[in-house]
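For reference, the chains in residue letters:
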Amino acid sequence: MSYTAFLILILVVAVALILIVMVQNPKGGGLSSSFGGGGAQSLGGVQNTNNFLDRTTWTLAIAMFALILLANFAIPREGDNNVNLDNTLEGTAPIENTVPAGNDSIQ
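Here the structure is a predicted model, which means the values were calculated and not measured. (Residues numbered from 1 in each chain as written. Predicted model: local features only at pLDDT ≥ 70, side-chain atom pairs only at ≥ 80, totals over all residues. Heavy atoms only, no water.)

1. What about the overall build of the protein?
For clarity, the threshold we go by: Only DSSP runs of H or I reaching four residues or more are called helices, and only runs of E reaching two or more are called strands; each is numbered from the N terminus. A 1.4 Å probe and the Shrake-Rupley method give the accessible areas. Residues count as covered only by the protein chains that appear here.
The secondary structure content of the protein amounts to three helices and zero strands. The N-to-C order of helical and strand elements in the protein reads α-α-α. Of the roughly 9200 Å² of accessible surface on the protein, a fraction of 63% belongs to carbon and sulfur atoms.

2. Regarding the nonpolar core
Our working definition: Put simply, a nonpolar core is a bunch of buried Ala, Val, Leu, Ile, Met, Phe, Trp, Tyr and Cys residues held in one set by side-chain atoms that sit within 4.5 Å of each other. Only protein chains enter the calculation, and the probe is 1.4 Å; a residue is then buried if its accessible area is under 20% of its type maximum, exposed if over 50%, and partly exposed in between. Here, two residues are considered to be in contact whenever any of their heavy atoms come within 4.5 Å of each other.
Among the nonpolar cores identified, the biggest contains 11 residues, and these are Phe6, Ile10, Val13, Leu17, Ile20, Leu53, Leu60, Met64, Leu67, Ala71 and Ala74. Breaking this core down by element, the ones donating at least two residues are α1 (3-23) and α3 (47-74). With six residues, the single largest contributor to this core is α3. With near-sequence residues (within four places) excluded, Met64 lies in contact with Ile10, Val13 and Ala14.

3. Some thoughts on the confidence of the model for the protein
Counted only if it meets this: Values of pLDDT, which run from 0 to 100, indicate the predictor's confidence residue by residue.
A residue-level look at the protein finds 52% of positions with pLDDT of 70 or above and a mean pLDDT of 74. The model gives residues 40-44 a pLDDT under 50, and that stretch makes two contacts with residues more than four places away or in other chains.

4. Side note on the environment of Val23
Its location among the elements puts Val23 in helix α1. Taking the relative accessible area as the measure of exposure, Val23 reaches 55% and is therefore exposed. The sequence separation of Val23 and Asn50 amounts to 27 residues, and the corresponding C-alpha distance is 9.9 Å.

5. Quick word on α1
What counts here: Given a helix with a known number of residues, its expected span is that number minus one, times 1.5 Å. Here the arc refers to the set of directions running from the helix axis out to each C-beta atom.
For α1, built from 21 residues, the straight-helix expectation of 30 Å at 1.5 Å per residue is met to within 8% by its first-to-last C-alpha distance of 30 Å. Buried residues of α1: Phe6, Ile10, Val13, Leu17 and Ile20, and no others. The buried residues of α1 occupy one face: seen down the axis, they fall within an arc of 95°. Structural note: α1 exposes Thr4, Ile8, Leu11, Val12, Ile18, Leu19, Met22 and Val23 on the side pointing more than 90 degrees away from its buried face.

6. A short note on the side chain of Thr57
Formally: Two N or O atoms form a polar contact when they lie within 3.5 Å of each other; inside protein one atom must be a possible hydrogen donor and the other a possible acceptor, and for residues adjacent in sequence the pair counts only when both atoms belong to side chains.
Looking at where Thr57 falls in the secondary structure, it is placed in helix α3. Taking relative accessible area as the criterion, Thr57 reaches 16% and is therefore assigned buried. At 2.5 Å, the side chain of Thr57 and the side chain of Gln24 are in polar contact. Setting aside anything within four residues of it in sequence, one finds Thr57 in contact with Leu17, Ile20, Val21 and Gln24.

7. Description of the side chain of Gln24
Position of Gln24 among the secondary structure elements: in the loop between α1 and α2 (30-34). Ignoring any residue separated from it by four or fewer positions in sequence, one finds Gln24 in contact with Leu53, Asp54 and Thr57.

8. As for the environment of Thr49
If you trace the backbone, Thr49 turns up in helix α3. Along the sequence, Thr49 and Gln24 sit 25 residues apart, while their C-alpha atoms lie 9.1 Å from each other.

Structure representation (structure tokens):
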């Protein structure tokens, strides 16, 4: 699997993780209860939905961690033939030696 495929999978898992976390009801006091929003949380809710969201959050977090670690091994390295850094400085002026010759220099 190539590095680009890993990056796409990591982005998909990250977006899914963000959406799942945003759907969950806050479980602690936090800022919402201090501004009067704590009473609305106890009106309804299904325990099975909360368990599903919790398990999904942990699964996506572990999947993201594993994908990031696996993507590290898919990064193109120096030994690969696919990486070509020879033409990265095309069109730039060559660097000239502008160091002035001093009394200590060997000529």
